[in-house]
Amino acid sequence: MHDHQHDPLRPHAHDPNPEPPHNDPTFVVVAPDGRTFHVTPEMLRAWPATTAEECFIVSTGHGTSGPFAFTGCTLPTLCAALGISASWRIAEIVSADGFGTRITAEEAAPDAPIGPVLLAYDRDGAPLSRRDGLVRLIVPGEREDALRQVKWVARIRFL
Ligand SMILES: Nc1nc2c(c(=O)[nH]1)N[C@H]1C(S)=C(S)[C@@H](COP(=O)(O)O)O[C@H]1N2
Ligand SMILES: [Mo]
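Computed from a predicted structure; not experimentally measured. (Residues numbered from 1 in each chain as written. Chains lettered and ligands numbered in written order. Predicted model: local features only at pLDDT ≥ 70, side-chain atom pairs only at ≥ 80, totals over all residues. Heavy atoms only, no water.)

Around ligand 1 sit 15 residues in total, of which Asn17, Asp97, Arg136, Gln149 and Lys151 are the nearest. A distance of 3.2 Å is found between a nitrogen atom of ligand 1 and a side-chain nitrogen or oxygen belonging to Ser95. A distance of 2.7 Å separates a nitrogen atom of ligand 1 from a polar atom in the side chain of Asp97. Alone, ligand 1 offers 530 Å² of accessible surface; in the complex the protein occludes 87% of this. Among the detected pockets, ligand 1 sits in the largest pocket. (Near = heavy atom within 4 Å. Polar contact = N/O pair within 3.5 Å; in protein donor to acceptor, adjacent residues only side chain to side chain. Areas by Shrake-Rupley, 256 points an atom, 1.4 Å probe, with all protein chains shown as cover. 1 Å grid on protein atoms, 1.4 Å probe; cavity = no way out; pocket = protein on both sides within 12 Å on 5 of 7 lines; lining within 4 Å. Sits in = over half its atoms within 2 Å of the grid points.)

Roughly 560 Å³ of volume is contained in the largest pocket. If you trace the largest pocket, you find 27 residues lining it, with Pro16, Asn17, Ile57, Arg136 and Lys151 closest to the centre. When contributions to the lining of the largest pocket are tallied by element, the ones reaching two or more residues are β3 (50-59) and β4 (63-73). (Points joined across faces, edges and corners; volume = space filled by probe spheres on them. Helix = DSSP H or I, 4+ residues; strand = E, 2+ residues; numbered from the N terminus.)

Next comes the structure, spelled out in structure tokens:
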């Protein structure tokens, strides 16, 4: 029974959604000054790539999968490509099925202990399918419950 409103940025452990909410992998980026951008996987592929080796998706209900090598863009790379100032402190990342997490600027740094945090489009050198989560947020150091491994990123807001 739910006695509180669902907050996508504070999901509780649950059965992961296996089906993409829709087929368009385009996501919206909102800059701190309110400018918005539409970003496609093709745009991400044109920007500097980062690979995170030895990633695991740890599902509390369905066990662990991996290790995987995920490739994608870091949040600082995304911001540089879009001309968003590096002075943001928090990124709110929400999927099309209402699932999300917050990434701090410290966590987003490419050399952060929890990272490199990625907007991933490849897994083990092959394109992620939409069903696999394209575009998927990968937080390599999260090994508890996969609640930050957000599939189908739909909106990123930098604060
Ligand atoms: N958009 C979205 N991302 C999500 C979820 C979800 O329901 N929707 N479930 C999370 C949970 S609880 C798990 S265990 C993993 C499952 O990832 P997998 O489908 O790659 O195994 O995705 C995470 N990311
Ligand atoms: Mo999960």
